[in-house]
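# Fold and contact review
The primary structure of each chain is shown beneath.
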Amino acid sequence: MPENLSDTTPAPQVWPTLRARDARALIRFLVDAFGFEETVVHGVGERVEHAQLSWPEGGGIMLGSVKEAENDRWPLRPGTFGGYVVTERPDELCARARAAGAEIIEELTDTDYGSRGFGARDPEGNLWSFGTYRGEPRKA
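Okay, so let's go over this structure. The shown structure was predicted, so the numbers you read here are calculated from the model rather than taken from an experiment. (Residues numbered from 1 in each chain as written. Predicted model: local features only at pLDDT ≥ 70, side-chain atom pairs only at ≥ 80, totals over all residues. Heavy atoms only, no water.)

## Quick look at the side chain of Asp122
This is how it is decided: A run of H or I in DSSP becomes a helix once it reaches four residues, and a run of E becomes a strand once it reaches two; helices and strands are each numbered from the N terminus. For each residue, the accessible area found with a 1.4 Å probe, counting protein chains only, is set against the maximum for its type, and the residue is called buried under 20%, exposed over 50%, and partly exposed in between. Residues counted as positive are Lys and Arg, residues counted as negative are Asp and Glu, and His and the chain ends are not counted. Salt bridges are counted wherever a side-chain nitrogen of Lys or Arg sits within 4 Å of a carboxyl oxygen of Asp or Glu. Counting of polar contacts relies on pairs of N or O atoms within 3.5 Å, with two restrictions inside protein: one atom must be capable of donating a hydrogen and the other of accepting it, and residues adjacent in sequence are counted only when both atoms are side-chain atoms. Contacts between residues were defined by any pair of non-hydrogen atoms, one from each residue, lying within 4.5 Å.
Take Asp122: it is sitting in the loop between strand 7 (116–121) and strand 8 (127–131). For Asp122, which is buried and forms no salt bridge, the nearest opposite charge comes from Arg121, at a distance of 7.7 Å. A polar contact of 2.8 Å, which involves the side chain of Asp122, links it to the backbone nitrogen of Glu124. Filtering out sequence-adjacent residues up to four positions away, Asp122 remains in contact with Leu26, Phe29, Leu30 and Trp128.

## What to know about the packing of helix 1 (residues 23–34) against helix 2 (residues 90–99)
Rules: To get an axis, fit a line to the C-alpha atoms, keeping to the stretch in contact for a helix; angles then go from 0 to 180 degrees between the N-to-C directions. An angle counts as roughly parallel when it lies under 35 degrees, as roughly antiparallel when it exceeds 145, as roughly perpendicular when it falls between 65 and 115, and as oblique in every other case. Each residue gets one label: Ala, Val, Leu, Ile, Met, Phe, Trp, Tyr, Cys and Pro are nonpolar, Asp, Glu, Lys and Arg are charged, and the others, such as Gly, are polar.
Contact geometry of helix 1 with helix 2 gives a least axis separation of 7 Å together with a crossing angle of 135 degrees. Between helix 1 and helix 2, the crossing angle belongs to the class labelled oblique. Contacts between helix 1 and helix 2 involve Val31, Asp32, Ala33 and Phe34 from the first element and Leu93, Arg96 and Ala97 from the second. Here the residues of the contact of helix 1 with helix 2 sort into five nonpolar, no polar and two charged.

## Considerations on the sheet that holds strand 4 (residues 60–65)
Short version of the rule: Strands are labelled as partners when DSSP assigns at least two bridges between them.
Read from one edge to the other, the open sheet built from four strands follows the order 1-4-3-2, with strand pairing classed as mixed. Strand pairing shows two members of the sheet lacking a second neighbour, strand 1 (17–20) and strand 2 (37–42), which therefore form its edges. Each strand axis lies, on average, 20 degrees off the axis of its neighbour in the sheet, ignoring direction. Relative to strand 3 (residues 50–54), strand 2 runs antiparallel, the two sharing five bridges. By the bridge assignment, Glu38 is partnered in strand 3 with Leu53.

These figures capture arrangement, not role.
Encoded structure:
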């Protein structure tokens, strides 16, 4: 196990959320390019009220179609999301993302804190960072 990992690092339980102009197309992209798994999608036609995409290594994201309403209780603008996703296979994932047409905005690199990863932008403009850094274990 790498020095920056620990058996005490907790499983992810934070589920970031985002909105999309074309949520169904974004779901297809996130599955094809990055390897998210489509767990559930609720909606009619092109509209997505709620979708859950699971990350094979734990956790996931939730997303839906943007709502152009004054009473929107969750008024997130498409393309303003940024997230970090842990992966044990950044090289393989970067090649997959590139082959699927993802815009790679930061090439594979090794950090001084022991992570290896890359950055990408999805078709909606959201920024994604993928790397091996799992975070530090909680203090006892």
